[in-house]
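Per-entry structural report
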Amino acid sequence: MKANEPKSYAGIINKKRCFELLKYYDLSQKTFDLILDFVNNNPDGIVECGKSYITLNKDGQVVQYINAPMVGSIIDGIIWEGPKFTIIPHIVVHTYSGGSSSGDWSSGGGSSNNNNNNNNNNNNNNNR
């Protein structure tokens, strides 16, 4: 058995979750191994991932800070705490201006105009 092969079910899950991190963060093999060793040796540890970093936390203290660039911006982070692995989705909140009749979405007048524009666009696309 290789040195880095999981020796338990929890070890298999931890390795799978580390591979999940690779979907969102640019990690070297050394960093991957560091995170995997941390979670295997600290079942109560917490891995917090932000936009450009990963911290390994134990007993409320940051044990290791890792510069880790995110691949894309489809999430805002990940929190891995024991058996809980939570991906924080990136949510874009749109603000709407009221009273526009130029085809923009609005909370006031002009929303029917926008629907007409959408219908016209859909009809144009279907005729191509």
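Worth saying up front: this structure is predicted, and the values here are computed from it rather than measured.

Reading the values: the criteria
- Residues numbered from 1 in each chain as written.
- Predicted model: local features only at pLDDT ≥ 70, side-chain atom pairs only at ≥ 80, totals over all residues.
- Heavy atoms only, no water.
- Pairing = 2+ DSSP bridges.
- Helix = DSSP H or I, 4+ residues; strand = E, 2+ residues; numbered from the N terminus.
- Axes fitted to C-alpha atoms, helices over the stretch in contact; angles between N-to-C directions.
- Contact = heavy atoms within 4.5 Å.

**Some remarks on the sheet that holds strand β4 (residues 75-81)**
Strand order in the open sheet formed by five strands is β3-β2-β1-β4-β5, with antiparallel pairing between adjacent strands. The open sheet has two free edges, formed respectively by β3 (61-67) and β5 (84-89), since each of these has just one partner strand. Across the sheet, the mean angle from the axis of one strand to that of its neighbour is 15°, orientation sign disregarded. As paired elements, strand β1 (residues 46-49) and strand β2 (residues 53-58) share four bridges and run antiparallel to each other. Looking across to β2, one finds that Cys49 is bridged to Ile54. Strand contacts of helix α2 (residues 29-41): β1, β2, β3 and β4, with the helix running at about 25° to β2, the strand carrying the most contacts.

**Quick notes on the pairing of β5**
When β4 meets β5, the two strands line up antiparallel, connected through six bridges. In the strand pairing of β5, Glu81 is matched with Lys84. In sequence, β4 turns back onto β5 through a hairpin of two residues, with Gly82 there showing a positive phi of about 60°.

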